[in-house]
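Below, each chain spelled out in residue letters.
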Amino acid sequence: MAHHPSDAMRRLLAVAVGGVATLAGIALCGAGLLIWAGAREPGASDGWRIAGVALAAAGGLLFLGAGVVTGWLVVDWRRNRDERSNRP
């Protein structure tokens, strides 16, 4: 017997996955900023500095993109959560 999740459960899972992606973006951005700050020491190569900025930019873009999508999914989930509920 196959299990078929309801639409509400799919929406909730999408919100959870979006939230995890948002947190991953924050972590990547923070790691990039730490690499960039560590590469500001005298004698450090420019490669580390560029890598830190690139990682911070990628993490920032992931954070912004996933955050917007997660926000939209939360609004959609809350709008449709009472489709099978008797609560007001």
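Above this text sits the structure in question.
The structure reproduced in this document is the subject of the present report. Model, not experiment: these values are computed from the prediction.

Rules behind the numbers
Residues numbered from 1 in each chain as written. Predicted model: local features only at pLDDT ≥ 70, side-chain atom pairs only at ≥ 80, totals over all residues. Heavy atoms only, no water. Helix = DSSP H or I, 4+ residues; strand = E, 2+ residues; numbered from the N terminus. Buried < 20%, exposed > 50% of the residue type's maximum accessible area, 1.4 Å probe, protein only. Contact = heavy atoms within 4.5 Å. Areas by Shrake-Rupley, 256 points an atom, 1.4 Å probe, with all protein chains shown as cover. Salt bridge = Lys/Arg side-chain N within 4 Å of Asp/Glu carboxyl O.

Quick word on the overall build of the chain
Counting its secondary structure elements, the chain contains two helices and zero strands. When burial is assessed residue by residue, the chain has 16% of its 88 residues classed as buried. Within the chain, contacts between residues at least 6 apart in sequence are counted, and of these 74% link residues at least 24 apart. For the chain, the exposed surface amounts to about 6,500 Å²; the carbon and sulfur share of it is 70%.

Some words on the pattern of salt bridges
Across all of its chains, the model carries one salt bridge by this definition. The salt bridge partner of Asp46 is Arg49, with a shortest N-O separation of 3.4 Å. Here Asp46 and its partner Arg49 are both found in helix α2 (residues 46-80), three residues apart, which amounts to about one turn of the helix. A residue is classified by how much of its surface remains accessible, and Asp46, at 48% relative accessible area, is partly exposed. Arg49 gets classed as partly exposed once you look at its relative accessible area, which sits at 30%.

All we've got here are geometric facts, nothing functional implied.
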